[in-house]
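# Summary of the model geometry
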Amino acid sequence: MFSAQLSRRENEVMAAVFLLSQGKERFLVSSYELLSMLPERAKFDEEKLERTLRSLELDGYFEWILSDRKGEKMYVIHMRPAGLAFRREDVRRRRDLVVRLLLAGVCGLLSAAIGLLLKVIIS
């Protein structure tokens, strides 16, 4: 699941936010929940997470507000249309990639066949 517009870090955060939203337009999530959904290799901390959330907000995926509940950092997230369509757009991009790869393979095979045919005709 990799969007052409987003960096790897933004994709990971957006995928986690999308999963936590469970199709809801507005939801509340703790920073711990969000960080636990992100891969270990990305080495996210709260500062990196908030920077990434800000950049996704600027890209129009969602709006978020930092809140506090009993001493725990909470994020109030309001998904925008681009955020709600994140998974659908990812599926569409993958389908387009598969079609392009198949088309390139077919064209390569066709070129090789024409090359062999011309070689046989010329010799």
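Just so it is clear, the structure is predicted and the values come from calculations on it, not from any experiment.

### Side note on the pattern of salt bridges
Per the counting criterion, the structure on display carries seven salt bridges. The partner of lysine 73 in a salt bridge is glutamate 50, with the nearest N and O atoms 2.9 Å apart. Of this pair, lysine 73 sits in strand β3 (residues 72–79) while glutamate 50 sits in helix α3 (residues 46–58), and the two are 23 residues apart along the sequence. For lysine 73, a relative accessible area of 29% puts it in the partly exposed group.

### Describing the sheet that holds strand β1 (residues 26–30)
Strand order in this open sheet of three strands is β1-β3-β2, and the pairing throughout is antiparallel. The strands lining the two open edges of the sheet, one partner per strand, are β1 and β2 (62–69). For this sheet, the mean inter-axis angle between neighbouring strands, taken without regard to orientation, is 25 degrees. Direction of pairing for β2 relative to β3: antiparallel, over a ladder of eight bridges. Its bridge partner lying in β3, leucine 66 is registered against tyrosine 75. Packing against the sheet, helix α1 (residues 8–21) makes contact with β1, β2 and β3, and its axis sits at approximately 85 degrees to β3.

### As for the nonpolar core
In this structure, Val17, Leu53, Phe62 and Ile77 are the most contacted members of the largest nonpolar core, which totals 23 residues. Per-element accounting of this core gives the leading share, six residues, to α1. Setting aside residues up to four positions removed in sequence, leucine 53 forms contacts with Val13, Val17, Leu34, Phe62, Trp64 and Tyr75.

Reading the values: rules and limits
Residues numbered from 1 in each chain as written. Predicted model: local features only at pLDDT ≥ 70, side-chain atom pairs only at ≥ 80, totals over all residues. Heavy atoms only, no water. Salt bridge = Lys/Arg side-chain N within 4 Å of Asp/Glu carboxyl O. Helix = DSSP H or I, 4+ residues; strand = E, 2+ residues; numbered from the N terminus. Buried < 20%, exposed > 50% of the residue type's maximum accessible area, 1.4 Å probe, protein only. Pairing = 2+ DSSP bridges. Axes fitted to C-alpha atoms, helices over the stretch in contact; angles between N-to-C directions. Contact = heavy atoms within 4.5 Å. Core = buried A, V, L, I, M, F, W, Y, C linked by side-chain atoms within 4.5 Å.

Geometry only, nothing functional implied.
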